[in-house]
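# Residue-level structure breakdown
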Amino acid sequence: MAVLGRVSRLLLGAAAPRSPPVRGMAAAAHEGGGARMWKTLTFVVALPGVAVCMLNSYLNAQHGEHERPEFVPYTHLRIRTKRFPWGDGNKTLFHNPHANPLPTGYED
């Protein structure tokens, strides 16, 4: 039992000389090598994560175009109570004729 206590004190650092208590505030967190840890995490985790996301986006773009769904004229969608103040008044500001149907259906 005494051996277990000595080993645990050795592993937990209780045998080392006591250091003054460290402040637990956010400003003091970077004093003990926190900046180095965040720099390492940036290069080891964040940048490879961005690279994987870019690769996924590129490969999905290379896959080809997807087919648009069949138009179903639901009565609760695409309600126009007033004309838009631009263009012909029936298309939204960021209208895409391939993806956004008008109240009567797709344009093409």
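Residues numbered from 1 in each chain as written. Predicted model: local features only at pLDDT ≥ 70, side-chain atom pairs only at ≥ 80, totals over all residues. Heavy atoms only, no water.

### Regarding a nonpolar patch on the surface
- Taken together, the side chains of Met37, Trp38, Leu41, Phe43, Val44, Val45 and Leu47 make up a nonpolar region of the molecular surface, amounting to roughly 700 Å² of accessible area.
- Mapped onto the elements, leucine 41 comes out in helix H3 (residues 34-62). (Patch = residues over 30% accessible without salt bridge, like charges linked within 9 Å, V, L, I, M, F, W, Y side chains within 5 Å. Areas by Shrake-Rupley, 256 points an atom, 1.4 Å probe, with all protein chains shown as cover. Salt bridge = Lys/Arg side-chain N within 4 Å of Asp/Glu carboxyl O. Helix = DSSP H or I, 4+ residues; strand = E, 2+ residues; numbered from the N terminus.)

### Focus: the environment of phenylalanine 71
- Within the element layout of this structure, phenylalanine 71 appears in the segment after H3.
- Through-space distance from the C-alpha of phenylalanine 71 to that of proline 101 is 7.6 Å; in sequence the pair is 30 residues apart.

### Observations concerning the packing of aromatic side chains
- Under the criterion given, the structure shown has 2 aromatic pairs.
- With a centroid separation of 6.3 Å and an interplanar angle of 75 degrees, the aromatic rings of phenylalanine 71 and tyrosine 106 are classed as edge-to-face. Here tyrosine 106 lies in the segment after H3 and phenylalanine 71 lies in the segment after H3, a separation of 35 residues in the sequence.
- Ring geometry for phenylalanine 84 versus tryptophan 86: centroids 5.3 Å apart, planes at 15 degrees, classification stacked. (Phe/Tyr/Trp six-rings, centres within 6.5 Å; stacked < 30°, edge-to-face > 60°.)

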